[in-house]
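Observations on the model geometry
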Amino acid sequence: MGEQNLNLLASTISLMSEKIIGYLGNIIPYTDTIMVILLIICGIYYSSLTGFVQFRMLKSVFAILTEKNGEQSKEHISPFQALMISTASRVGIGNIAGISYALTTGGAGALFWMWVMAFFGGASAFAESTLAQVYKSKDETGGFKGGPAYYIRKALGSHFFGSFFAFILIITYAYGFNGLQSQTMTSAFKVYYDMFNPGATVGFSSSYWPVVIGIILTIFGAWMFFSHHTKIGKVSSLIVPFMAMAYILLAVIAVLINFDKIPLVIHIVLENAFDFKAIFGGFAGSALVIGIKRGLFSNEAGMGSAPNAAAAALTSHPAKQGIIQAFSVLIDVIVCTSSGFLVLFSMAYLNFHGSNLGDGMPLVQEAMREYYGSFGIHFVTIAIVLFAITSLIGNYYYAQTNVKYLTDSKFVMNLFRITAVAMIFIGSQMNLKLAWSLADLTMAFMATTNIISLLLLGGIVNKVLKDFNSQQKSGLDPHFSASKLGIKNAECWD
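Residues numbered from 1 in each chain as written. Predicted model: local features only at pLDDT ≥ 70, side-chain atom pairs only at ≥ 80, totals over all residues. Heavy atoms only, no water.

The chain has the name Amino acid carrier protein in an unreviewed UniProt entry, where Campylobacter aviculae is given as its organism. Under the Subcellular location (unreviewed entry) heading, UniProt states for the chain: "Cell membrane". In its Sequence similarities (unreviewed entry) section, the UniProt entry covering the chain states "Belongs to the alanine or glycine:cation symporter (AGCS) (TC 2.A.25) family." (UniProt positions renumbered as here; feature names shortened; annotations may be inferred.)

Encoded structure:
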């Protein structure tokens, strides 16, 4: 395929994207409003019900992560690997480009509402992952599978809504979010295109480079998606801790360099967060809604995604995975805050109005250039590539689990894998606004279905947590028995 044909393909895709964005723009404000209200209710409800378990039980995290289980086999993933898979999906481009995008569209106050979302969202993360462990099933290889689709069917007795959730999660993660991951990773290379082609008559998005990058990323996706599922946990457990720590370290250094600006930045964040005229004058586009939406996309608490990884872990008590996943939200908020401060402390943020930096990734790259020169650009580009790759892996893992829920057909699974790989390429050619809009719409349907089920299952979560606390207080390593607590349809715990 020649350069001219590649450029024509890119232009055609761009035209179609603009039309779809227009249609989605009429729907998303309504779905967003419903989702945000339910998220707030769920986070507050579970924080109150569990006595803020997301903070109270943090002291148990290290012991749970390092515990050894004699039944561990190659078919099982460890609690640490389950944490890394969920963190790989939580800690992704939403923490870099997503935070930047939120600050430029919703204002600095969006960062505050991300903090609020994470504060209460940790309790929702505990609840959904605990339920996923309680109602998990054995898979055909001897490992475990589970997630909201399973607890909706087993605990609430609704096969229809369990299947609906599984279907919408597949659409959200394998196509919506992975399309967005691919698009953002591709856009990270725009800075190099502009650097080496200063007099180019064709912009990066209309050039053949997104197609070339998309093909490379698609080949990697094919290799990972057709590999054994335990490889996903192993790859994530190697990459995620390193990239997250390095990114946080550079952000802390940048903040310390600008230590005198801290009071001013905090003032701007709080002032914008509580601009009630802006909030109620344009609710869907306010700092509150955009902050909560981007916070949810980033930390995924209550969305129903992380439970799919939590269910696969081998552990002695469901509450242990609940605690681990609540901790994962804390990791996410640290990375989010790092990104937010990187941007807010920079001159690039103050000057982004009227420039082409407001799309997310370019703004972060420009901020890093301010602090660290060319090294900053290279580092953040490498970081976004690693974040995107691990997020692609984590997102695919979630979707794959739900395909297994719907069918055991190998033909369907292979067809799903092929289309998931194809979506990586399609996403790399997408318009940014279209990628975010698709992700927002499918996320709203998925989160709403999960949150309603969580609100109906508070009694079981409370019962499991009390059992865990009671055994801990007695000096025991908590072990779970579903029949002892009168919990039905928990076949892996009888």
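Right, picking up where we left off after that structure.
**A word on the overall build of the chain**
Scanning the chain from N- to C-terminus turns up 22 helices and two strands. Relative to all contacts within the chain whose residues are 6 or more apart in sequence, the contacts with residues 24 or more apart total 84%. Accessible surface for the chain amounts to roughly 19400 Å². Of this, 68% is attributable to carbon and sulfur atoms. (Helix = DSSP H or I, 4+ residues; strand = E, 2+ residues; numbered from the N terminus. Contact = heavy atoms within 4.5 Å. Areas by Shrake-Rupley, 256 points an atom, 1.4 Å probe, with all protein chains shown as cover.)

**Describing the packing of helix H6 (residues 109-134) against helix H12 (residues 262-273)**
It is the contact of H6 with H12, at a shortest axis distance of 6 Å, that shows an interaxial angle of 80 degrees. Considering the angle they form, H6 stands roughly perpendicular to H12. From H6, Gly 109, Ala 110, Phe 112, Trp 113 and Trp 115 reach across to H12, where they touch Val 269, Leu 270, Asn 272 and Ala 273. (Axes fitted to C-alpha atoms, helices over the stretch in contact; angles between N-to-C directions. Parallel < 35°, antiparallel > 145°, perpendicular 65-115°, else oblique.)

**Re the nonpolar core**
Judged by nonpolar contacts, the single largest core of 140 residues is most densely connected at Phe 416 and Ile 487. Tallying contributions element by element places helix H19 (residues 374-406) first for this core, with 16 residues. In this structure, Phe 416 is in contact with Ile 170, Ala 174, Tyr 175, Tyr 396, Ala 399, Gln 400 and Val 403, ignoring residues within four places of it in sequence. With five residues, the next largest nonpolar core counts Ala 118, Ala 301, Val 329 and Val 333 among its residues. (Core = buried A, V, L, I, M, F, W, Y, C linked by side-chain atoms within 4.5 Å. Buried < 20%, exposed > 50% of the residue type's maximum accessible area, 1.4 Å probe, protein only.)

**Notes on the side chain of Thr 442**
Note on placement: Thr 442 falls in helix H21 (residues 432-456). Given a relative accessible area of 12%, Thr 442 falls into the buried group. Residues within four places of Thr 442 in sequence aside, it is in contact with Ile 168, Ile 171 and Thr 172.

**Some points on the environment of Phe 165**
Note that Phe 165 resides in helix H8 (residues 159-187). For the pair formed by Phe 165 and Phe 445, sequence separation is 280 residues and the distance between their alpha carbons is 8.6 Å. Excluding its chain neighbours within four sequence positions, the residues that come into contact with Phe 165 are Pro 148, Ala 149, Ile 152, Met 303, Gly 304, Asn 402, Met 446, Thr 449 and Asn 450.

**Thoughts on the environment of Val 343**
Mapping Val 343 onto the fold places it in helix H16 (residues 318-344). Residues Val 343 and Thr 104, spaced 239 residues apart in sequence, show a C-alpha to C-alpha distance of 9.8 Å. Residues within four places of Val 343 in sequence aside, it is in contact with Ser 100, Leu 103, Tyr 349, Leu 363, Val 364 and Ala 367.

**Let's talk about the pattern of salt bridges**
Summed over all chains, the structure comprises four salt bridges. Between Glu 366 and Arg 369 there is a salt bridge, with the nearest N and O atoms lying 3.3 Å from each other. Placement of both Glu 366 and Arg 369 in helix H18 (residues 361-372) is noted, with a separation of three residues, approximately one turn of the helix. Here Glu 366 falls in the partly exposed class, since its relative accessible area comes to 26%. (Salt bridge = Lys/Arg side-chain N within 4 Å of Asp/Glu carboxyl O.)

**Thoughts on a nonpolar patch on the surface**
Residues Phe 52, Phe 55 and Phe 119 make up a contiguous nonpolar surface patch of about 260 Å² in total accessible area. Assignment of secondary structure puts Phe 55 in helix H2 (residues 53-56). By relative accessible area, which is 36% here, Phe 55 ends up partly exposed. (Patch = residues over 30% accessible without salt bridge, like charges linked within 9 Å, V, L, I, M, F, W, Y side chains within 5 Å.)

**Observations concerning the environment of Tyr 396**
Relative to the helices and strands, Tyr 396 resides in helix H19. A distance of 3.0 Å separates a polar atom in the side chain of Tyr 396 from a polar atom in the side chain of Arg 417. (Polar contact = N/O pair within 3.5 Å; in protein donor to acceptor, adjacent residues only side chain to side chain.)

**Comments concerning the packing of H8 against helix H10 (residues 209-225)**
As a packed pair, H8 and H10 sit with axes 10 Å apart at the nearest point and diverge in direction by 135 degrees. Overall, the two elements H8 and H10 adopt an arrangement that is oblique. Pair H8 / H10 crosses with right-handed handedness. For the pair H8 and H10, contact is made by Asn 178, Ser 182, Met 185 and Thr 186 and by Pro 210, Ile 213, Leu 217 and Phe 225, respectively. Looking at the contact of H8 with H10, its residues break down into five nonpolar, three polar and no charged. (Left-handed = near helix turned anticlockwise from the far one by under 90°. Nonpolar A, V, L, I, M, F, W, Y, C, P; charged D, E, K, R; others polar.)

**Structural notes on H10**
Because the α-helix completes a turn every 3.6 residues, residues three or four places apart line up on one side. Compared with the 24 Å implied by 1.5 Å per residue over 17 residues, the 24 Å span of H10 between its first and last C-alpha is a close match. Here H10 has its buried residues at Pro 210, Val 211, Ile 213, Gly 214, Leu 217, Thr 218, Gly 221, Met 224 and Phe 225. Summarising the axial view, the buried residues of H10 lie within an arc of 155 degrees, below the 170-degree limit, and thus occupy one face. Opposite its buried face, H10 presents the exposed residues Ile 216 and Ile 219, each directed more than 90 degrees away. (Expected span 1.5 Å × (residues − 1). Arc of directions from axis to C-beta.)

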